[in-house]
Amino acid sequence: IIADGPANGADGSRVLMLAADIVVVPVGPTMLDMESTRETIRILANARKVRQMSGGVGPKALVVLNRLRNKKYTQTRDAFAAAQTLGEAVCPHALSTSDYIGDASGQRTTVWQMGYRAKRAATQMLSVIEEITEYGKQNALEREAIEGSEELRRKRDSQRTGDEAGTREPGDPDSAEYRIAVGAE
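Since we're looking at a predicted model, the values are computed, not measured.

### Quick word on the nonpolar core
Turning to step 1, where the next piece is worked out: Residues M34, V63 and L65 are the most contacted members of the largest nonpolar core, which totals 21 residues.
Turning to step 2, where the next piece is worked out: When contributions to this core are tallied by element, the ones reaching two or more residues are β1 (22-27), α2 (31-53), β2 (60-65) and α3 (74-84).
Turning to step 3, where the next piece is worked out: At five residues, α2 tops the list of elements feeding residues into this core.
Turning to step 4, where the next piece is worked out: Beyond its immediate chain neighbours, meaning those up to four positions away, L65 contacts V27, G28, M34, A79, F80, A83, A94 and L95.
Turning to step 5, where the next piece is worked out: Judged by nonpolar contacts, the second largest core, of 13 residues, contains L62, V64, A118 and Y135.

### With respect to the pairing of β2
Turning to step 1, where the next piece is worked out: Counted residue by residue, β2 has five buried out of six residues, so it is predominantly covered.
Turning to step 2, where the next piece is worked out: Judged from the six bridges that link them, β1 and β2 form a sheet pairing that is parallel. Bridge pairing in β2 links P26 to V64.
Turning to step 3, where the next piece is worked out: For the segment spanning β1, α2 and β2, crossover handedness is right-handed.

### A closer look at the layout of surface pockets
Turning to step 1, where the next piece is worked out: Roughly 1,700 Å³ of internal volume is contained in the largest pocket.
Turning to step 2, where the next piece is worked out: When contributions to the lining of the largest pocket are tallied by element, the ones reaching two or more residues are α1 (11-19), β1, α2, α4 (99-106) and α5 (119-164).
Turning to step 3, where the next piece is worked out: Classifying every residue of the lining of the largest pocket gives 25 nonpolar, 15 polar and four charged.
Turning to step 4, where the next piece is worked out: Quantified by volume, the second largest pocket comes out at close to 160 Å³.
Turning to step 5, where the next piece is worked out: If you trace the second largest pocket, you find 14 residues lining it, with R69, K71, A94, S96 and Q124 closest to the centre.
Turning to step 6, where the next piece is worked out: Looking at the lining of the second largest pocket, the elements that each hand over two or more residues are α3 and α5.
Turning to step 7, where the next piece is worked out: Looking at the lining of the second largest pocket element by element, the count peaks at three residues for α5.
Turning to step 8, where the next piece is worked out: Its residues placed into classes, the lining of the second largest pocket shows five nonpolar, six polar and three charged.

Each value, and the rule that gives it
- Residues numbered from 1 in each chain as written.
- Predicted model: local features only at pLDDT ≥ 70, side-chain atom pairs only at ≥ 80, totals over all residues.
- Heavy atoms only, no water.
- Core = buried A, V, L, I, M, F, W, Y, C linked by side-chain atoms within 4.5 Å.
- Buried < 20%, exposed > 50% of the residue type's maximum accessible area, 1.4 Å probe, protein only.
- Helix = DSSP H or I, 4+ residues; strand = E, 2+ residues; numbered from the N terminus.
- Contact = heavy atoms within 4.5 Å.
- Pairing = 2+ DSSP bridges.
- Right-handed = clockwise from strand over helix to strand, strands pointing away.
- 1 Å grid on protein atoms, 1.4 Å probe; cavity = no way out; pocket = protein on both sides within 12 Å on 5 of 7 lines; lining within 4 Å.
- Points joined across faces, edges and corners; volume = space filled by probe spheres on them.
- Nonpolar A, V, L, I, M, F, W, Y, C, P; charged D, E, K, R; others polar.

Below, the structure is given as structure tokens:
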């Protein structure tokens, strides 16, 4: 599921961050853009805390730079450097300043449908989407590992609690003694 929320950290964005697995944070190249993004990152950190307090895993974030000039410009290089200071993963692909990207929504179309003139914008957009998809796959694997280990820990804790309370027999396959005897622990 993909949802787009307002950039100003409104309640809608907060709710989306609480439910999200991945938060894509678009940010422009100026220092003002970076500063306003810090508020979004702060809200994201709160969403992570809330999810972790309820036993879940908080959302990961991927910062995507946009409205950039080509890489030979100092502002572009500075934007990548500044994005690294936000404390979140930064997409290695960025979106350059393009009339086509801005015009696509106004024309109720996509850059892929705008023809040859929008080819560069379409290629950049595809690179960013592929990076987000790959980041999402990595995040899902990490989440499964974390949640799986948390579930395993909870099961072990509950089994040990049962063993300590004397509710399990030593020959019970779920008892700690049995697991130790057969080398499962």
